[in-house]
Number of protein chains: 2
Amino acid sequence: MNYSMISYILGWIFNFEAAFMLLPGITAIIYREKDGLAFLVTMIICLAIGIPLIRTKRKNKVFHAKEGAVTVALSWLVLSIAGALPFVISGSIPHPVDALFETVSGFTTTGASILSDVESLSHCILLWRSFTHWIGGMGVLVFILCLLPLTGGYHMNLMKAESPGPSVSKLVPKVQSTAKILYTIYILMTVVEMVFLLLGGMPLFDTLCLSFGTAGTGGFGIKNDSIASYSTYNQIVITVFMILFGVNFNAYYLLLSKKVMQAAKNEEVRYYLGIIGLAIVAIAVNTRDMFTSFGRAFQQAAFQVGSIITTTGYATTDFNVWPVFSKTILVILMFVGACAGSTGGGIKVSRLLILCKSARKELQLYLHPNAVKKIKMDEKAIPHEVVRATNMFLFVYIMIFVTSLLVISLDNLDMISNFTAITATLNNIGPGLGAVGPTGNFGCYSYISKLVMIFDMLAGRLEVFPLLLLFKRDTWRKF
Amino acid sequence: MNYSMISYILGWIFNFEAAFMLLPGITAIIYREKDGLAFLVTMIICLAIGIPLIRTKRKNKVFHAKEGAVTVALSWLVLSIAGALPFVISGSIPHPVDALFETVSGFTTTGASILSDVESLSHCILLWRSFTHWIGGMGVLVFILCLLPLTGGYHMNLMKAESPGPSVSKLVPKVQSTAKILYTIYILMTVVEMVFLLLGGMPLFDTLCLSFGTAGTGGFGIKNDSIASYSTYNQIVITVFMILFGVNFNAYYLLLSKKVMQAAKNEEVRYYLGIIGLAIVAIAVNTRDMFTSFGRAFQQAAFQVGSIITTTGYATTDFNVWPVFSKTILVILMFVGACAGSTGGGIKVSRLLILCKSARKELQLYLHPNAVKKIKMDEKAIPHEVVRATNMFLFVYIMIFVTSLLVISLDNLDMISNFTAITATLNNIGPGLGAVGPTGNFGCYSYISKLVMIFDMLAGRLEVFPLLLLFKRDTWRKF
Ligand SMILES: [K+]
Ligand SMILES: [K+]
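All of the points below concern the structure found in this document. Since the structure is predicted, the reported quantities are computational estimates derived from the model, not experimental observations.

All right, on to the relation of the copies chain B and chain A then. Copies of the same chain, two in number, are related to each other by a rotation about an axis and a translation along it. In screw terms, the move from chain B to chain A is a rotation of 180 degrees and a rise of 0.0 Å along the axis, fitting with an RMSD of 0.0 Å. Expressed as a symmetry operation, the mapping of one chain copy onto the other fits a two-fold axis. Considering only C-alpha atoms, the residue of chain B closest to the rotation axis is N391 of chain B, which sits at 3.1 Å. In this assembly, 100% of the residues forming the interface of chain B have copies in chain A that are likewise at the interface, indicating an isologous arrangement.

Take a look at the structure:
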């Protein structure tokens, strides 16, 4: 294990965290809020740890996939613990586990909250909550890669471990350039959304917070009723951008490179949009009688479907009271998730596509035992290792789900709340049904359950394996 | 497709069904019940179709895995449709879909019922319900294999498709002899259970029905409160035999062959018993306060755990009112299921073992990318095909689950009832929670939902693939 290199990168994580806190810091100055001091204190702590760490000697240049995964997992832990300090220091969330829950929920773009009254928070705290979504959405290590002059095989192994989806495709030969392209698209789209929301008459502070939340598919709101009190125009803008941020960013790069046909042929994106279309129509028809017109039902269905499949988790209506058919569709979409290479969570459409194609092949083999056929996606054969890793992902994902469910069931809340609480945290969605529905929050669970869900949120964002490696003795052995 | 051979075997299915109905027929004579006429009529119909079919010329001797799977799937359909006739003709269950549901539930050893008052049924009808469990438990084609002088590659391909588990191991080189050994053990154990129940003072008719239900891990009761009104002694006898019938029958064969050490080393059986032990203790502690003593809580926990993990589905208490932790354990056990090569349903312990071992290997590969390790079970390497098929089983199983859940949610029953209704039918358990809990029944669902669940019960019993092949156009093409 290359400890010197790992602590070097962790040092940069501390330093970047301090830099990120400039934004809430400035907000505090503008609004003259004393919570700003909490950010100042945290920044000093971060730099005091971070600067010595990046000055240590790096003897060893070897950096395997294993080191990449461990570094990413540890980075996210460090990021979350340091990010939770302002909540504790300012007294906004006094208990450390609660503060950690809220911060992990932020960085992993889950958006599950233990707070019942977010409107009582100060502006700088609200902005920090939403900004963690934006940082976590595209990935903090991908961000560091854009700026840091790392050499050697680090890049790919770090990016592989942090980027969501069954396989990472480099847009351009250099990993650092890929990271830069991704962040450029990310920043541009965030700004465009802000402009559209401003045009709808939304205050600047709100556009900033909500755009961060949409871009990272995070879902922390700044009002107690999430998005319900904003105008229909702004709800529609957010719907469109939620769906756009759930698209594989490769497609945008192809569009920018004027390879429109190639972008339009992307199988994952086509299935993703197809599922969204079907789900919206089904729910709109099913909830028709609950709204004043079919148009209104359609708009609300589109918002909820977009919010859930992209795992954003904003809400404009309490879907707890919808008919069971519509609720079942939403729960299924919670597992489907967005595209690989987007900021969304869940199992991902491409994984499900790979599994579907594998299953069809298995059935074919029953009929023609000697036919050897490769599984293809976007006209390219999928390597055997990707199929195997996808299968294993599904199983380990189920195991984590079941174990978590069992532990939190000790709190004796009802089964639907428990089931959707794990669904909402492991898939980085935010709200579930029942006690953790759009009008509820996660404060009702015990601290043990919250720690379990903190693990689930991180496992969901890092796609299981990096986090599991931390708990394997073999990982820490020298060889 | 070898149609002549398939219709020959289907002919035998009709004839055997007629033979099976002699048992309820005799019961009707003993109890002088006019429902016996329904069996007489059905027997005549079956023979009228079956005898001409077995007389047709068989030109073609080729019989692939494909033909095996299709034959088994069609056999189970024929068996169920013919088996439902007595219910309709006697008027015990007037609607054909309801009657088919009850019969499929019987043969697939699910034990889910649409009846709210089984005590009003005649003895011969009750016996037929329970007898279908016994026939379906070890498999009707395995039974026919014992008696029919088939030649060629039929045997293995039929047995593969009907026997539960990721891979079929022949106990002895000849498949027909393997089938005979399995049925001998099956009959012996059923008789031993009857003797133990008779010693506990249970009436002969009850012992017959309940032993059939236990042996097949079926779960149809003959009282409205299932097993609750029987003595504690008899409940304990049933607990022990439920667990025994969930054991891989290979272990019994090894015991009979005096290879005790080899039997004791069977990994699947050891994990199966370990899971049962843990679950009983956890539930007994959790439900301690609901019973008069810890011993009573332990006995009730043992009964429910044995009933659920073996997918029998008998009940002695309404676990709907248990704490959420205990209910969650039971729901998890519903998916785990019994051992491969037993009469139980569910995913099967050995499949989960294979998946766990594969996942561990995948994690190892992260650490040592070049290490090539085979997954082993009982000290034998598991073939790559078995691992792949197991993965695909899991995925297709989930797809069927999700699709079914979506369709039945249109009935607008609550989500827990829907979720456990599909769990209980796809895993061949019987009772679920909520409206389909131990004190409820499946009568509340629409006919469309019942048809979906009929499909699920068959898919569960035949382990998905044979049934899916029926719906593939490619299957019916000549080549
Ligand atoms: K989210
Ligand atoms: K059963």
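Residues and elements named next belong to chain B. Note that T217 resides in the loop between helix 10 (204-215) and helix 11 (232-245). Judged by its relative accessible area of 0%, T217 falls in the buried class. What T217 contacts, discounting residues up to four positions off in sequence, is T109, F245, T310, T311, T312, T343, G344 and N428.

A separate point is the coordination of the potassium ion (ligand 2). All names here are of chain B. Surrounding the potassium ion (ligand 2) are the protein donor atoms T109 (O), T110 (O), T217 (O), G218 (O), T311 (O), T312 (O), N428 (O) and I429 (O), which sit 2.3 to 2.9 Å from the metal. All donor residues of the potassium ion (ligand 2) come from one chain, and their arrangement in sequence is T-T-x106-T-G-x92-T-T-x115-N-I. The exposure class of G218 is buried, given its relative accessible area of 0%.

So, about the packing of aromatic side chains. Residue and element names in this part refer to chain A. Following the criterion strictly, the structure yields 57 aromatic pairs over all chains and no others. Measuring from centroid to centroid gives 6.1 Å for F107 and W128, while their planes differ by 85 degrees, and the two rings are edge-to-face. One end of the pair, F107, is in helix 5 (residues 96-107); the other, W128, is in helix 6 (residues 123-138), with 21 residues separating them in the sequence. A relative accessible area of 0% means that W128 is categorised as buried. The interplanar angle of 15 degrees and the centroid separation of 4.7 Å between the aromatic rings of W134 and Y186 together place this pair among those described as stacked. With a gap of 52 residues between them, W134 in helix 6 and Y186 in helix 9 (residues 175-199) connect regions that are remote in the sequence. A cation over an aromatic ring shows up here: R129 above the ring of F220, its NZ or CZ 3.9 Å from the ring centre.

Next up on the list: the interface of chain B and chain A. Between chain B and chain A, the contact holds 52 residues from the first and 52 residues from the second. The largest share of the area that chain B buries against chain A comes from Y366, L367 and M415 of chain B, three residues that together contribute 16% of it. Linking chain B with chain A are two salt bridges. Applying the counting rule to chain B against chain A returns four residue pairs in polar contact (both at pLDDT 80 or more).

Among the eight residues that make up helix 7 (residues 140-147) of chain A, seven are buried, leaving the element largely enclosed by the rest of the structure. Among the residues of helix 7 of chain A, V140, L141, V142, F143, I144, L145 and C146 of chain A are the ones counted as buried.

To continue, consider the packing of helix 5 of chain A against helix 6 of chain A. Residue and element names in this part refer to chain A. Between helix 5 and helix 6, the least distance of the axes is 6 Å, while the angle of their chain directions is 45 degrees. Accordingly, the angle class assigned to the pair helix 5 and helix 6 is oblique. Along its contact with helix 5, which presents E102, S105, G106 and F107, the element helix 6 presents W128, R129, T132, H133, I135, G136 and G137.

Below, the discussion takes up the pattern of salt bridges. Inspection of every chain in the model, using the stated rule, returns 14 salt bridges over all chains. Across the salt bridge formed by E362 of chain A and R388 of chain B, the nearest N and O atoms sit 3.0 Å from each other. Highlighted residues: E362 of chain A in helix 17 (residues 349-367) and R388 of chain B in helix 18 (residues 384-408), drawn from two different chains. For E362 of chain A, a relative accessible area of 10% corresponds to the buried category. When salt bridges that share partners are traced, they join K348, R351 and E463 of chain A into one network.

Take the environment of L147 of chain B next. Residue and element names in this part refer to chain B. Relative to the assigned elements, L147 resides in helix 7 (residues 140-147). For L147, a relative accessible area of 53% puts it in the exposed group. Between the alpha carbons of L147 and A279 there is a distance of 41 Å; along the sequence they are 132 residues apart. Those residues within four positions of L147 in sequence are excluded, and the remaining contacts are F16 and Q176.

Reading guide: rules and limits
- Residues numbered from 1 in each chain as written.
- Chains lettered and ligands numbered in written order.
- Predicted model: local features only at pLDDT ≥ 70, side-chain atom pairs only at ≥ 80, totals over all residues.
- Heavy atoms only, no water.
- Least-squares fit on C-alpha atoms with pLDDT ≥ 70 in both.
- Contact = heavy atoms within 4.5 Å.
- Helix = DSSP H or I, 4+ residues; strand = E, 2+ residues; numbered from the N terminus.
- Buried < 20%, exposed > 50% of the residue type's maximum accessible area, 1.4 Å probe, protein only.
- Donors = N, O, S within 2.8 Å, 3.2 Å for Na, K, Ca; no water.
- Phe/Tyr/Trp six-rings, centres within 6.5 Å; stacked < 30°, edge-to-face > 60°.
- Lys NZ or Arg CZ within 6 Å of the ring centre and 35° of its normal.
- Buried area = accessible area lost by both parts, 1.4 Å probe.
- Salt bridge = Lys/Arg side-chain N within 4 Å of Asp/Glu carboxyl O.
- Polar contact = N/O pair within 3.5 Å; in protein donor to acceptor, adjacent residues only side chain to side chain.
- Axes fitted to C-alpha atoms, helices over the stretch in contact; angles between N-to-C directions.
- Parallel < 35°, antiparallel > 145°, perpendicular 65-115°, else oblique.

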